[in-house]
Amino acid sequence: ATRRGWTASRRARRRTHARTMSIRGVWQLLRLNVSYCDVEGSSRALRAFVKDGKLAAFAARYPHVEVTTETRRGLHPHMRGEFRSGETKDVSLRRFDESEILFQLRYIVSEKGMKNAAKNSIRGDRKMTKTPSVQGKWRPGMWERGA
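Because the structure is a prediction, the values reported are computed rather than measured. (Residues numbered from 1 in each chain as written. Predicted model: local features only at pLDDT ≥ 70, side-chain atom pairs only at ≥ 80, totals over all residues. Heavy atoms only, no water.)

### Considering the sheet that holds strand 6 (residues 88-92)
Then, in step 1: The strand order across the open sheet formed by four strands is 4-3-5-6, and the pairing between neighbours is mixed. In this open sheet, the two strands that pair with only one neighbour each are strand 4 (66-71) and strand 6. Mean inter-strand twist for the sheet, computed between neighbouring axes without regard to direction, equals 15°. (Pairing = 2+ DSSP bridges. Helix = DSSP H or I, 4+ residues; strand = E, 2+ residues; numbered from the N terminus. Axes fitted to C-alpha atoms, helices over the stretch in contact; angles between N-to-C directions.)

Okay, structure coming up:
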């Protein structure tokens, strides 16, 4: 059934458009830095991911992204993506298994690197409250004095 002119295929296209990896054919993620500790337990799965060559295979699949690794002793693992827009995004990989790490890597590659549009729009700046005004809603002629 269609609703307001939307068919199922248009909804599906819209859903996939929200997850596009490029803007006008230009990939947005430029660099990806993966940091982990060489001894801590929270980095265990990420160390295995790098040692097994899965990160190298990921880098080969996305040649437009410069993937670097960094060992930082005593800190939890995380990755930082740098986008064409100048924005950066940090994602913690603490205690993730290898499938979750791969999911996060794919997710950051599919990001556009823009700030949340709802925060920048006029509608997003309005404050919503669960407690309405004590004074009541405004209505036309509210301040006119009766005769």
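### Regarding the packing of helix 2 (residues 44-51) against helix 4 (residues 98-109)
Then, in step 1: For the pair helix 2 and helix 4, interaxial distance at closest approach is 9 Å and the crossing angle is 75°. It follows from the interaxial angle that helix 2 and helix 4 lie roughly perpendicular. Along the contact surface, helix 2 presents Ala45, Leu46, Ala48 and Phe49, while helix 4 presents Glu98, Ile101, Leu102 and Leu105.
Then, in step 2: Counted by class, the contact of helix 2 with helix 4 contains seven nonpolar, no polar and one charged residues. (Parallel < 35°, antiparallel > 145°, perpendicular 65-115°, else oblique. Contact = heavy atoms within 4.5 Å. Nonpolar A, V, L, I, M, F, W, Y, C, P; charged D, E, K, R; others polar.)

### As for the packing of aromatic side chains
Then, in step 1: In total, this model carries two aromatic pairs according to the counting rule given.
Then, in step 2: Residues Phe58 and Tyr62 carry aromatic rings whose centres are separated by 4.9 Å and whose planes lie at 50° to one another, so their mutual orientation is tilted. Each of the two residues, Phe58 as well as Tyr62, counts as buried.
Then, in step 3: Measuring from centroid to centroid gives 6.2 Å for Phe103 and Tyr107, while their planes differ by 25°, and the two rings are stacked. Placement of both Phe103 and Tyr107 in helix 4 is noted, with a separation of four residues, approximately one turn of the helix.
Then, in step 4: Owing to a relative accessible area of 31%, Tyr107 belongs among the partly exposed residues under this scheme. (Phe/Tyr/Trp six-rings, centres within 6.5 Å; stacked < 30°, edge-to-face > 60°. Buried < 20%, exposed > 50% of the residue type's maximum accessible area, 1.4 Å probe, protein only.)

### Notes on the confidence of the model for the chain
Then, in step 1: Residues with a pLDDT of 70 or more make up 73% of the chain, whose mean pLDDT is 81.
Then, in step 2: Of the regions scoring below 50 in pLDDT, residues 5-18 engages in seven contacts with residues more than four places distant in sequence or in other chains. (pLDDT = per-residue confidence, 0-100.)

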